[in-house]
Amino acid sequence: MYPVNETLVVQGRRLEPADIARIRRLIAANPGWSRRRLSESLAAEWDWRNGRGRLKDMAARSLLVKLHERGLIRLPARRQVPSNRMAARQIQRRLWNRTPVAGTLHSLGSLSVATGRLLGCLLFGSAAWKCRARDEFIGWTQKQREQNLHLITNNTRFLILPWVRIPHLASWILGQVLRRLSDDWESKYGHRIVLVETFVERDRFAGTSYKAANWIRLGATTGRSRQDRQHNLQVSVKDVYLYPSCHEFRRELSG
């Protein structure tokens, strides 16, 4: 494992060398623990909670994985996902209705962001720790970013199923989801979202649906990965898009 002699910021949390040492001792003292139990114990020890008072054990688990990937700690091997869960997922895939869908939005009738005939899906997660174009657009300081990054979410995945051919469906879905995203987020995590970001691979996609849904294109990434600690890993250049969820997003993020 690599030595730690400086302060790190991982998963939005500042870690001193003593914190890394404590995590190493926790792992060494409990060789039979799973990654899940380690993350739950760590979150409880730190009293790391979200806005609704729930322990952030998933954030702690992500933090541990990132430290493991950097060679700063050594986690136990992942345990197998129970076979019944895997079987359920396979059954769910087979139950998808793959009948081709084509026509216009109007011809689809009533649509909703809920259950029913699946046409597409979106996934939202943690915002990028750093993004020059976004950070300059907001105008916040490093300290303000560390304190308020949780008020931003990243649209990490957006999929229209390949057998669905409906013009304007993608931008309609984005509009519907963004209208409810902040309320849904507050209901689950105890705080609202004031800004949404996404990164579009410019070599593969034109970002048409985001433009049609009034997202703001800021520019492009530098072609570096967040895992590029040695400054030699090249990844695809991505266009940066933002969507403010409220008019006072700069004040909220810089407060």
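Here we summarise the structure given alongside this text. (Residues numbered from 1 in each chain as written. Predicted model: local features only at pLDDT ≥ 70, side-chain atom pairs only at ≥ 80, totals over all residues. Heavy atoms only, no water.)

## A few points about the overall build of the protein
A count of helices and strands for the protein gives nine helices and nine strands. Relative to its 255 residues, the protein shows a buried fraction of 35%. Residue pairs at least 24 apart in sequence account for 67% of intrachain contacts in the protein once pairs closer than 6 positions are excluded. Accessible area for the protein stands at about 15,900 Å²; split by element, carbon and sulfur atoms hold 49% of it. (Helix = DSSP H or I, 4+ residues; strand = E, 2+ residues; numbered from the N terminus. Buried < 20%, exposed > 50% of the residue type's maximum accessible area, 1.4 Å probe, protein only. Contact = heavy atoms within 4.5 Å. Areas by Shrake-Rupley, 256 points an atom, 1.4 Å probe, with all protein chains shown as cover.)

## Side note on the pattern of salt bridges
As enumerated under the stated definition, the model contains 15 salt bridges in all. With its nearest N and O atoms 3.1 Å apart, the salt bridge here joins glutamate 40 to arginine 36. Here glutamate 40 pairs with arginine 36, and both are found in helix 2 (residues 35-46), just four residues apart, close to one helical turn. Given the relative accessible area of 32%, glutamate 40 is considered partly exposed. Arginine 251 serves as the salt-bridge partner of glutamate 252, at 3.5 Å between the closest nitrogen and oxygen. Using a relative accessible area of 33% as the deciding quantity, one classes glutamate 252 as partly exposed. Overlapping salt bridges, with partners in common, bring together Arg134, Asp135 and Glu197 in one network. (Salt bridge = Lys/Arg side-chain N within 4 Å of Asp/Glu carboxyl O.)

## Side note on unusual backbone geometry
One non-glycine residue, aspartate 47, adopts positive backbone phi at about 55°. Here aspartate 47 lies in the loop between helix 2 and helix 3 (57-69). Judged by relative accessible area, which is 48%, aspartate 47 ranks as partly exposed. For asparagine 214, which is not glycine, the phi dihedral falls at a positive 70°. Tracing the chain through its elements places asparagine 214 in the loop between helix 8 (208-212) and strand 8 (216-220). Judged by its relative accessible area of 60%, asparagine 214 is exposed.

## Looking at the nonpolar core
Ile23, Leu63, Leu64, Leu67 and Ile73 are the most contacted members of the largest nonpolar core, which has 23 residues in total. Every element with two or more residues in this core is listed here: strand 1 (8-10), helix 1 (17-29), helix 2 and helix 3. Those residues in contact with isoleucine 73 that sit more than four places away from it in its chain are Met1, Ile20, Ile23, Arg24, Ile27, Leu64, Leu67 and His68. Residues Ile166, Trp185, Val200 and Trp215 belong to the second largest nonpolar core, which totals 21 residues. (Core = buried A, V, L, I, M, F, W, Y, C linked by side-chain atoms within 4.5 Å.)

## Let's talk about the packing of aromatic side chains
Going through the model one piece at a time under the given rule, you end up with seven aromatic pairs. Consider the rings of tryptophan 185 and tyrosine 189, whose centres lie 4.9 Å apart with planes at 45°: the pair is tilted. With tryptophan 185 and tyrosine 189 both in helix 7 (residues 169-189) and four residues apart, the pair spans about one turn of that helix. Among the aromatic side chains, those forming a connected cluster through ring pairs are Phe158, Tyr210, Trp215, Tyr241 and Tyr243. Above the face of the tryptophan 48 ring, arginine 13 is positioned so that its terminal group lies 5.0 Å from the ring centre. The aromatic ring of tryptophan 129 is capped on one face by arginine 145, whose charged end is 4.8 Å from the ring centroid. (Phe/Tyr/Trp six-rings, centres within 6.5 Å; stacked < 30°, edge-to-face > 60°. Lys NZ or Arg CZ within 6 Å of the ring centre and 35° of its normal.)

## So, the side chain of histidine 191
Tracing the backbone shows histidine 191 in the loop between helix 7 and strand 7 (195-201). Each residue touching histidine 191, except ones within four places of it in the same chain, is listed here: His150, Leu151, Ser182, Trp185 and Glu186.

## Concerning the sheet that holds strand 9 (residues 238-244)
Taken together, the five strands give an open sheet; going across it, the order is 4-5-7-9-8, and neighbouring strands pair in mixed fashion. Since the sheet does not close on itself, it has two edges, and those belong to strand 4 (120-126) and strand 8, each with one partner. Within the sheet, the average angular offset between the axes of one strand and its neighbour, ignoring direction, is 30°. As judged from the seven bridges shared by strand 4 and strand 5 (residues 152-160), these two strands associate in the antiparallel manner. Counterpart to phenylalanine 124 in the pairing with strand 5 is asparagine 155. (Pairing = 2+ DSSP bridges. Axes fitted to C-alpha atoms, helices over the stretch in contact; angles between N-to-C directions.)

## Regarding the environment of valine 101
Secondary-structure assignment places valine 101 in strand 3 (residues 101-102). Overall, valine 101 belongs to the buried group, its relative accessible area being 12%. Ignoring sequence-local partners within four residues, the contact set of valine 101 consists of Leu108, Arg117, Leu119, Trp163, Val164, Arg165 and Ile166.

## Things to note about helix 7
When the terminal C-alpha atoms of helix 7 are compared, their 29 Å separation across 21 residues agrees well with the 30 Å that a helix rising 1.5 Å per residue should span. Taken as a whole, helix 7 carries its principal kink of about 45° at leucine 181. Glycine 190 sits one or two positions beyond helix 7 and adopts a positive phi of about 90°. (Expected span 1.5 Å × (residues − 1). Bend = angle between axes of the 7 residues up to and from the residue.)

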